[in-house]
Amino acid sequence: MALESLVRFRHFEWLSRAISSVPGVVPTEYFPENDADWQAIIALGSAHLVLPILYHALKAKELWGKIPEDVGMALEGFFELNQSHNSNLRQQMLDVTATLNAQGITPVWLKGATCLLAEDWDQSPRMMLDLDFWLPDPKTHTKALAALEADGYVIPPEYEGISDTKSHH
């Protein structure tokens, strides 16, 4: 049990150091050395949504040559899948913005969505499950929901029937 916890901690520390943006922070003494270690690193990176960041970081820190070829191919694949997903999310942002702007409403994009507003958005390693925006004027909320519903937006079934002020849209 203690040995297993130590190994998990070592994987977490290695991943944290590998993706750190702090200058000079790199994985030091320990480096994953077998398939089990790499599978644990990939699982941990997947659970924390940082595999595309790991892809970028290993290249930037000149550690790419130290990883097994199959791990590199997997990380590159995760990055490419994330690019495709982000492209779909960006298009959704543009569509939502256009729909709301047509009603005189300007959404304020939050969190990961802001990465998709940058010029180099297609290189963003940020993984996102959804998009978040804020409408500063509460008086526009009902109008915004009506416009989005007319455009095909549907409230997730688990939130149907709940007041608009308490549901997740």
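Residues numbered from 1 in each chain as written. Predicted model: local features only at pLDDT ≥ 70, side-chain atom pairs only at ≥ 80, totals over all residues. Heavy atoms only, no water.

Asker: Explain the environment of Ala102 to me, and be specific about the residues and the numbers.
Answerer: Structurally, the position occupied by Ala102 is in the loop between helix H4 (69–101) and strand S1 (108–110). Using a relative accessible area of 63% as the deciding quantity, one classes Ala102 as exposed. In sequence terms Ala102 and Asn82 are 20 residues apart; their C-alpha atoms lie 30 Å from each other. (Helix = DSSP H or I, 4+ residues; strand = E, 2+ residues; numbered from the N terminus. Buried < 20%, exposed > 50% of the residue type's maximum accessible area, 1.4 Å probe, protein only.)

Asker: Tell me about the nonpolar core, and please be specific about residues and values.
Answerer: Formed by 19 residues in total, the largest nonpolar core has its most connected members in Trp14, Leu15, Trp38, Leu54, Leu58, Ile67 and Leu75. Taken together, the elements giving at least two residues each to this core come down to helix H1 (2–19), helix H2 (35–47), helix H3 (51–60) and H4. In this structure Ile67 touches Phe31, Trp38, Leu58, Gly72 and Leu75, once residues within four positions along its chain are discounted. The next biggest cluster of nonpolar side chains, apart from the first, holds 14 residues, and it includes Leu89, Ile105, Leu116 and Met128. (Core = buried A, V, L, I, M, F, W, Y, C linked by side-chain atoms within 4.5 Å. Contact = heavy atoms within 4.5 Å.)

Asker: Break down the environment of His48 for me, citing the residues and quoting the values.
Answerer: On the secondary structure map, His48 appears in the loop between H2 and H3. As for His48 and Leu6, which are separated by 42 residues in sequence, their C-alpha atoms are 19 Å apart.

Asker: Which residues make up the packing of aromatic side chains, and what values go with them?
Answerer: Under the defined criterion, the tally for this structure stands at 6 aromatic pairs. With 5.4 Å between their ring centres and 85° between their planes, Trp14 and Phe31 make a pair best called edge-to-face. On the criterion of sequence distance, the pair formed by Trp14 in helix H1 and Phe31 in the loop between H1 and H2 is long-range, its members being 17 residues apart. Taking the relative accessible area as the measure of exposure, Phe31 reaches 14% and is therefore buried. The structure contains a cluster of three or more aromatic residues connected by ring pairs, namely Trp14, Phe31 and Trp38. If you follow Lys66 out to its NZ or CZ, it ends over the ring of Phe31, 4.4 Å from the centre. (Phe/Tyr/Trp six-rings, centres within 6.5 Å; stacked < 30°, edge-to-face > 60°. Lys NZ or Arg CZ within 6 Å of the ring centre and 35° of its normal.)

Asker: Can you tell me about the pattern of salt bridges, naming the residues and giving the values?
Answerer: Counting across every chain of the model gives 2 salt bridges. When the shortest N-O distance is used, the salt bridge between Arg17 and Glu13 registers 3.7 Å. Pair noted here: Arg17 and Glu13 are both in helix H1, with a separation of 4 residues, about one helical turn. A relative accessible area of 29% means that Arg17 is categorised as partly exposed. Judged by relative accessible area, Glu13 falls into the partly exposed class, the value being 36%. Across the salt bridge formed by Lys111 and Asp132, the nearest N and O atoms sit 3.1 Å from each other. Here Lys111 is found in the loop between S1 and strand S2 (132–134), whereas its partner Asp132 is found in strand S2, with 21 residues between them in sequence. (Salt bridge = Lys/Arg side-chain N within 4 Å of Asp/Glu carboxyl O.)

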